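# Examining the three-dimensional arrangement
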Amino acid sequence: MSSQDLPTTDEIEAPPTHWEGDVLLRDGRTAHIRPIQAGDQELMTEFYARVSDESKYYRFFSPMPTLSPSDLRRFTHVDHRDRVALVVLLQGKMIAVGRYDVVGNHGSGKEAEVAFLVEDQHQGRGIAQLLLEHLAQAGRERGVERFTAEVLPDNSRMIQTFRDAGYRVASGYADGVITLEFPIDPTDTAIGVMHNREHVAESASIHRFFHPRSVAIIGASRRQETIGHVLVRNLVTADFTGRVFVVNPNTRAVSGMPAYKNVNEIPDDVDVAIVAVPAESVTDVVLDCAAKGVHGLVVISSGFAETGEEGRKRQRHLAGLCRSYGLRLIGPNCLGVINTDPGVQVNASLSSVMPTRGRAGFFCQSGALGSAILEKVRNRGLGISTFVSAGNRADVSGNDLLQYWEEDDATEVVMMYLESIGNPRKFSRIARRVSRRKPIVAVRSGRTTQGVPMGHAVRRIGAPPAAVDAMFRQAGVIQVDTLDDMFDVAQLLAHQPLPRGRRVAIVGNSDALGLLASDAASAVGLVVNRSVALGSEATAEDFEDALDGAIDDPDVDSVIAVYIPPLDVSGEEVANVLAAVGEQSDKPLVSSFLGAEGVPELLRVPDVAGSSAGRGSVPSYPAVEAAVRALARVVEYAVWVRTPDGDHAEPGEVDDQAAKRLITRVLTDGGLEAADEGIDLNSAEVSALLATYGIDVWPVYSVADLEEAKAIGERLGWDVVLKSTSPAVRERPDMAHVWRNIGSAYEMTEAWETLNHHAADPTTAEFAVQKTAPPGVPVAIRSTEDPLFGPVVSFGISGPVIELLGDWSYRIPPLDEQTVSTMVREVKSSPLLFGYRGTEPIDVAAVEHLIAKVAAMQNDLPEISGLELSLVLAGASSAAVLTASVRVARIKDPRPDSFVRRMPDLITTIPD
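Residues numbered from 1 in each chain as written. Predicted model: local features only at pLDDT ≥ 70, side-chain atom pairs only at ≥ 80, totals over all residues. Heavy atoms only, no water.

Further remarks concern the overall build of the protein. Across its full length, the protein carries 26 helices and 36 strands. A compact globule built from 912 residues should have a C-alpha radius of gyration of about 29 Å, and the protein, at 32 Å, falls within 12% of that. Dimensions of the protein, computed from C-alpha atoms along their principal axes, come out at roughly 100 × 95 × 55 Å. Split into buried and exposed, the 912 residues of the protein put 55% on the buried side. In the protein, the share of contacts with a sequence separation of at least 24, taken over all contacts with a separation of at least 6, comes to 72%. Summed over all atoms, the accessible surface of the protein reaches about 37800 Å², with 50% contributed by carbon and sulfur. (Helix = DSSP H or I, 4+ residues; strand = E, 2+ residues; numbered from the N terminus. Rg over C-alpha atoms; globule rule 2.2 N^0.38 Å. Buried < 20%, exposed > 50% of the residue type's maximum accessible area, 1.4 Å probe, protein only. Contact = heavy atoms within 4.5 Å. Areas by Shrake-Rupley, 256 points an atom, 1.4 Å probe, with all protein chains shown as cover.)

Below you can see the structure in the form of structure tokens.
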């Protein structure tokens, strides 16, 4: 392309805003990716001057020491459609560029040539892979179907970049050049590769926080009980195995250590900086740390988003500055981080409590709550592996910690106190994978109100609370209501094996408590198969015999032991029995021992790894009901773990391209303003759109008067329905808006007159005629596009009573067959589908297939803001869709967990 053909700066169409964002590199550091701009010529010149001759040769196949003015203009002036270029920036400098240029057509789309150039000192950090992902997504949005690339044979690193991307790569060789060709559809393999790279990068970014070789405390103080002094004291008294440096420009020493005026004066490397300076000074600290090469910051300082609008702006600037310089940030307004590993022993927090070594990793957000949590952990004898209080969660989030804990051998149980969820869709994906290996126990505040704390710059969840709960269940997360419940469950998971089923035995020396335990077990779905009442005078030998018998019973999966000692008896002998049985048993043993809470010293099994209580220690609960509730939740988790992922719920033949064309036409014809607000499809458009996914809607014929209604009825061969389709009356519980089984002109006249009589305003009744469907149970299937969740699908029995009771099941697509089956069966009214009170069972498979189709459509087409099959008659051999509606809207932002890796946008939304 000649320079005369290039667009001028004024002619260049602005690229989509979502093409720009922050990204995480393979080594856990951050960078910024964005479309190239016409004003980037100076950045490009400086970047190219730093690139080696060898890298230039690999890119252009010939010596090209400098770029001419025409080259610079050609590379920086693109149309963002057929010529797209993305650059990666770090500390304001360009460190890489990737581009594609359309070279022709391929099938129904385009074919483009793709190429990259990465500065030598940044090669090996996964930058080319990131550029390929983002260019492929941009290409898909612009109608590109296939990429080609020409590579020199000895450029093995670039060849491997393409082959490792997960696409189906074909290659050829001619004239000394290897040509690679591959479609850029996001295959399961390509998505899996992307998710694996995301996992590696996010885990690496957290690893350094927990395993620092050196820590600098910026804002260290000599004054007792100041934040800066507490941080120094806690880090030193925890016996941190690395180097500790203190930074304070106003003194020469703090706690016997030399004080440096700023972090750059420290003679050694610094991995992590703990920041405790006034909020307005934190920016200068970030710049100093970036110049020093610090990996990450833990900002204890307050005065950010939790204080209001000015604080939100300050927090956004802080997070953006950290990312632009490659730094990760925990906080601000946080408690800090702790790692109890004896090889590290880091307490970089405000908590004076250094927990004992344990198997649980803990994530929370509130700093004040974090202190209370650590105190409770100590009192229960639970122990933790690692702890993070993320404060306002401006950068590092629970998703990052899950990525780290998944591979951390020291962490067997994950505990999370969540005050907000920035990316629920990503959380669900990661948690589902982690839960297969390690249980996640979570408390979610604001569960009913969906509220967001002041300091958290995240969007408010629009989905109903039941949908959020369903997401947790779908991901295998054990969601509990209180912190005490969380510790109750975690102490069982950390010390006892998973149960094989729901069958329990109860062994105790109190008849009353045994009955309470039996009632509690039955109430939460456990089956009491064995109950042994030993009496108040039972000895340790009696307990041992009874426990051994219960453990050996093949019809028992778990054992609950209740011990209330007689007067003046310590219970030590019984405790020794419980501990011995708990250590040797392959079935979980829980207890209510002396009303103790946690893992009492008497019930602990020594651990060679140095934990406070080893595997096999017996958890105790102050009330037997708490023990039963904890066991029931662990049973549900065990059932989930042992249930294999089902096959993908296939919707059958679909024509997603036809669906996209229809939606695009509707949005284009409706105009930009209407497309942003949302457009309701008319009945013909609804039928056409649903037909692309194999959903047939029974025709409905609008009629303006009685004669037209008669004509339609006769044309349909009668046996028809006359109904009002006006939203104001069609949901009447008395069904006075519907007249069924009309078989003649006389009956149509009677129906018309009766319905007009009942209508408040016949002119707005919007009457319609439809063929009568076979008898069946009315069900409804809905889907919606939530700005945080992405697609959400729900199912329920139709009817006003069900609506009032909120009897709906929810799931997050994509769905597997097992999930669809569970959706249908978990609504409380589901017996109506399975022959309730002698009725004929309905064709459940047909209903499940409809759910799979709706889920696939919503997952494939984010432009659908709402879809409802409001009346589906599920009969003995079919499921007839009688009423349907669809609303579409222009996509303003891509889904939060799309086909490219990117960090969450920095937003300043004020929570409602």
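The structure having been displayed, the exposition proceeds.
Next up on the list: helix α19 (residues 656-670). Its 15 residues give α19 an end-to-end C-alpha distance of 21 Å, which sits within 8% of 21 Å, the value for a rise of 1.5 Å per residue. Among the residues of α19, Ala658, Ala659, Leu662, Ile663, Val666 and Leu667 are the ones counted as buried. Each buried residue of α19 lies within a common arc of 165° when the element is viewed along its axis, so the set occupies one face. Those residues of α19 that are exposed and angled more than 90 degrees off the buried face are Arg661, Thr668 and Asp669. (Expected span 1.5 Å × (residues − 1). Arc of directions from axis to C-beta.)

Right, let's get into unusual backbone geometry. The omega torsion across Gly331 and Pro332 is 0°, close enough to zero to call that bond cis. Put simply, Pro813 and Pro814 share a cis peptide bond, and its omega is 5°. For Arg393, which is not glycine, the phi torsion reads 55° and is therefore positive. In this fold, Arg393 is placed in the loop between β19 (384-389) and α11 (398-407). Looking at Arg393, the relative accessible area reads 12%, which means it is buried. Of note in this structure, Trp718 is not a glycine but carries a positive phi near 60°.

Right, let's get into the sheet that holds strand β35 (residues 864-874). With antiparallel pairing, six strands are arranged side by side in an open sheet as β27-β36-β35-β32-β33-β34. Both outer strands of the open sheet, β27 (679-680) and β34 (809-811), are each paired with one neighbouring strand and no more. Of the strand pairs in this sheet, β35 and strand β36 (residues 879-888) are connected by eight bridges, and their pairing is antiparallel. Looking across to β36, one finds that Glu868 is bridged to Ser885. Where helix α21 (residues 683-691) meets the sheet, its contacts fall on β35 and β36, and the angle it forms with β36 comes to roughly 105°. (Pairing = 2+ DSSP bridges. Axes fitted to C-alpha atoms, helices over the stretch in contact; angles between N-to-C directions.)

Assignment of secondary structure puts Arg425 in helix α12 (residues 424-435). Note on Arg425: relative accessible area 13%, which makes it buried. Once the C-alpha coordinates of Arg425 and Phe789 are considered, the two residues, 364 residues apart in sequence, prove to be 5.1 Å apart. Residues within four places of Arg425 in sequence aside, it is in contact with Leu788, Phe789, Pro791, Ile812, Pro813, Pro814, Asn859, Arg895 and Asp897. At 3.2 Å, the side chain of Arg425 forms a polar contact with the backbone oxygen of Pro813. (Polar contact = N/O pair within 3.5 Å; in protein donor to acceptor, adjacent residues only side chain to side chain.)

We now examine the pattern of salt bridges. This model, assessed by the stated rule, comprises 50 salt bridges. Here Glu119 and Arg50 are joined by a salt bridge, their closest N and O atoms 3.2 Å apart. One end of the pair, Glu119, is in the loop between β5 (109-118) and α4 (127-141); the other, Arg50, is in helix α1 (residues 41-50), and 69 residues separate them in sequence. Judged by relative accessible area, which is 4%, Glu119 ranks as buried. Given the relative accessible area of 33%, Arg50 is considered partly exposed. (Salt bridge = Lys/Arg side-chain N within 4 Å of Asp/Glu carboxyl O.)

For the coordinates displayed, the defined rule picks out 16 aromatic pairs. Centre to centre, the rings of Phe147 and Phe182 are 6.1 Å apart; their planes meet at 85°, and the pair counts as edge-to-face. Taken together, the positions of Phe147 in strand β6 (residues 144-151) and Phe182 in strand β8 (residues 177-183) put the pair 35 residues apart, joining distant regions of the chain. The burial state of Phe147 is the same as that of Phe182; both residues are buried. These aromatic residues form a ring-pair network of at least three members: Tyr100, Phe116, Phe147, Phe162, Tyr167 and Phe182. (Phe/Tyr/Trp six-rings, centres within 6.5 Å; stacked < 30°, edge-to-face > 60°.)

Here the focus is the pairing of strand β23 (residues 503-508). Of all the six residues making up β23, five are buried; the element is thus mostly covered by neighbouring parts of the structure. As paired elements, β23 and strand β24 (residues 527-533) share six bridges and run parallel to each other. Paired with Ile506 across the two strands is Ser531, which belongs to β24. Across five bridges, β23 lies against strand β25 (residues 558-563) in parallel orientation. Paired with Val507 across the strands is Ala561, a residue of β25.

Another point: a negative patch on the surface. Where like charges cluster on the molecular surface, the negative patch consists of Glu541, Asp542, Glu544, Asp545, Asp548, Asp552, Glu572 and Glu573. Counting residues per element, the ones that place at least two in the negative patch are α16 (540-552) and α17 (572-584). Among the elements that line the negative patch, the one with the most residues is α16, at six residues. On the accessibility criterion, Glu573 (57% relative accessible area) is exposed. (Patch = residues over 30% accessible without salt bridge, like charges linked within 9 Å, V, L, I, M, F, W, Y side chains within 5 Å. Lys, Arg positive; Asp, Glu negative; His and termini not counted. Charge placed at Lys NZ, Arg CZ, Asp CG, Glu CD.)

Turning to the confidence of the model for the protein, a few remarks are in order. Per-residue confidence for the protein gives a mean pLDDT of 90, with 93% of residues at or over 70. Low pLDDT, under 50, characterises residues 908-912; the predicted model gives this stretch 11 contacts beyond four residues in sequence or across chains. (pLDDT = per-residue confidence, 0-100.)

An order of β24-β23-β25-β26 is seen for the four strands of this open sheet, with the pairing classed as parallel. Looking at which strands have only one partner, the edges of the open sheet turn out to be β24 and β26 (589-593). Shown here is a sheet whose adjacent strand axes are inclined to one another by a mean of 15°, direction ignored. Sitting on the sheet, helix α15 (residues 511-523) is in contact with β23, β24 and β25, with an inclination near 175° to β24.

By the element assignment, Asn339 lies in strand β16 (residues 336-339). Relative accessible area serves as the criterion here: at 2%, Asn339 is assigned to the buried category. At a separation of 3.0 Å, a polar atom in the side chain of Asn339 contacts the main-chain amide nitrogen of Asp341. With sequence-adjacent residues up to four places away left out, Asn339 is seen in contact with Phe210, His211, Val344, Gln345, Val346, Met354, Arg357, Ser385 and Thr386.

Another aspect to go through is the state of the cysteines. One pass over the structure, following the stated rule, counts zero disulfides. Sulfur of Cys334: no disulfide; nearest cysteine sulfur belongs to Cys364 and is 9.5 Å away. (Disulfide = S-S within 2.5 Å.)

Moving on: α16. For α16, built from 13 residues, the straight-helix expectation of 18 Å at 1.5 Å per residue is met to within 8% by its first-to-last C-alpha distance of 18 Å. Buried within α16 we find Ala540, Phe543, Ala546, Leu547, Ala550 and Ile551. Down the axis, α16 shows its buried residues gathered within 135° of arc, on one side only. Exposed and facing more than 90 degrees away from the buried side of α16 are Asp545 and Asp552. Contacts from the buried residues of α16 go to β23, β24, β25, α17 and β26.

With that settled, consider the nonpolar core. By size, the foremost hydrophobic cluster in this structure holds 60 residues, and its most contacted members are Ile274, Val298, Met416, Phe427 and Phe472. Top contributing element to this core by residue count: helix α13 (residues 465-474), with five residues. Leaving out residues up to four positions away in the same chain, Phe427 has contacts with Asn399, Leu402, Met416, Leu418, Ile421, Met471, Phe472 and Val477. Within the second largest apolar cluster, 48 residues are counted, among which are Val353, Ala360, Phe362 and Leu493. (Core = buried A, V, L, I, M, F, W, Y, C linked by side-chain atoms within 4.5 Å.)

Taken N-terminus to C-terminus, the directions of helix α22 (residues 706-715) and helix α23 (residues 745-758) make an angle of 140°; their axes are 10 Å apart at the nearest point. Relative to α23, α22 is oriented oblique. When the axes of α22 and α23 are compared, the crossing they make is right-handed. Between α22 and α23, the contacting residues are Leu706, Ala709 and Lys710 on the first element and Ala745, Met748, Thr749 and Trp752 on the second. (Parallel < 35°, antiparallel > 145°, perpendicular 65-115°, else oblique. Left-handed = near helix turned anticlockwise from the far one by under 90°.)

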